[in-house]
Amino acid sequence: MKERIAEIICVGTELLMGETVNTNATEIARELSRLGIPLYHSVVVGDNPARLKAALKSAYERAEIVLLTGGLGPTYDDLTMETVADFFGRKLVLHEESLAAIRQYFEKAGRMMAPSNEKQALLPEGGIVLPNPNGTAPGCILEDGERVAVVLPGPPREMRPMLRDQVAPYLGRGNGVIRSHELHFYGIGESELEYKLGDLMKNALNPTVAPYAKPGDVMLRVTASAGTAEEAERQMAPVMNKLRDKLKDYYYATDLPDLQTAVVRALHEKGLTAATAESCTGGLVAELLTEVPGASGVFGCGMVAYQNEIKEQLLGVPGELLKAYGAVSAETAARMAEAIREKSGADIGVGVTGNAGPAASEGKPVGLVYVAVSSSAYTHVSRLNIRRQDEDSRALIRRLAALKALNLILRAAQAAPPTEH
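Definitions and limits used
- Residues numbered from 1 in each chain as written.
- Predicted model: local features only at pLDDT ≥ 70, side-chain atom pairs only at ≥ 80, totals over all residues.
- Heavy atoms only, no water.
- Helix = DSSP H or I, 4+ residues; strand = E, 2+ residues; numbered from the N terminus.
- Buried < 20%, exposed > 50% of the residue type's maximum accessible area, 1.4 Å probe, protein only.
- Contact = heavy atoms within 4.5 Å.
- Areas by Shrake-Rupley, 256 points an atom, 1.4 Å probe, with all protein chains shown as cover.
- Pairing = 2+ DSSP bridges.
- Axes fitted to C-alpha atoms, helices over the stretch in contact; angles between N-to-C directions.

**Student:** It is not clear to me how the overall build of the protein should be interpreted in this structure. Could you clarify?
**Tutor:** If you tally the helices and strands in the protein, you get 15 helices and 17 strands. The principal-axis extent of the C-alpha atoms belonging to the protein is close to 80 × 50 × 50 Å. Counting across all 421 residues of the protein, residues that qualify as buried make up 47%. Across the protein, contacts joining residues at least 24 apart in sequence account for 67% of those joining residues at least 6 apart. Element-wise, carbon and sulfur atoms account for 50% of the exposed surface of the protein, whose accessible area totals about 20,500 Å².

**Student:** Would you explain the sheet that holds strand 10 (residues 208–214) in this entry?
**Tutor:** The strands making up a sheet associate through hydrogen bonds between their backbones, and the pairing can be parallel or antiparallel. Taking strand neighbours across the sheet as the criterion, the four strands line up as 10-11-9-12 in an open arrangement whose pairing is antiparallel. Only two strands of the sheet have a single neighbouring strand rather than two, namely strand 10 and strand 12 (251–254). In this sheet, neighbouring strand axes are inclined to one another by 25 degrees on average, regardless of whether the strands run parallel or antiparallel. The pairing of strand 9 (residues 177–186) with strand 11 (residues 217–226) spans ten bridges and is antiparallel.

**Student:** Help me out: how do you make sense of the environment of Gly-349 in this one?
**Tutor:** Positionally, Gly-349 belongs in strand 15 (residues 348–354). Here Gly-349 falls in the buried class, since its relative accessible area comes to 0%. For the pair Gly-349 and Val-218, spaced 131 residues apart in the sequence, the C-alpha separation amounts to 26 Å. Ignoring anything within four residues of it in the chain, the contact list for Gly-349 reads Ala-275, Ala-337, Ile-340, Arg-341, Ala-372, Val-373 and Ser-374.

Encoded structure:
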């Protein structure tokens, strides 16, 4: 079978003006990657029919599948569906089921439907209609020989489920089965990870191994294509085992979205609780933990002790210690972790103190951070030197310090003996 190539066209003047962040392109690209469909180009055009037609013409010179988002609203400048239909030489016809669904949407919301919303039920003749239970604009798939156009609504909460539940099964037909797993690593950069893996990553063809990096975290996606899901899993298993073995000092989870989710899961599995005492991170560790559903069962207390007086009076860090070593010190971080553990009754306490900038303080440079963890099974203090010149270096320092705190909580949870049932 000939390999099909895809291209993305996102429609909206607000995207070009920087008023709206283009998350749809990211979502679609990820889904195409999961399906094993190559994507080489992604473009943004304003709400202009002539420019959209030109973008479609260029796209079909490079690809067979074009996925479009945006411009399906009821206003005069929402012209994506009309432009795509005209490009393919199709008439727009009223789709009665879609019109009924739009009316029902407004009735359920207790709102009156404007006459302009009827425009959203005009769809290209002969197209495959994609119902939209999350909004008023249905999507559509147009087939013209080898060319395919997939027209999706712009709002992400409408686009995402339509892509996942309707478009992905359509695009995946006849491609066999593609499965993937995501392996997550903390404390190693993308270049060092690639160096340690050597040819294992470069020579991987099926399964493939692709790295994705963000500050403090690297993910390896292992993807296999096979006739059945079971065969794809068999192909991936030995590769995944080798990756975990080679990077065992950095590996923390498979198929979890982030480090905080791994922490909350580990705490649940061991029947443990954690508490945080934060200075320079300003509660970011607690924020990351409580983003995870179920965190209330393992996280009961977080304190932001920014000023020395608060560290001393409320947290209980001795004034003599602060005078002798300073707020930004291993000794202070360790005492913060111990104190929050004692005061909260948690199994694991973590303390973070440092200088996130913009200037040196107490003779301590910007980017110097100490992160400590205290538990009956694992006690440790880490010293971080996060020397960055980025415009957002303060936010980055706080973020990396918070991730280190999560990593230490995870280590403490892993070091704890198994829970007896």
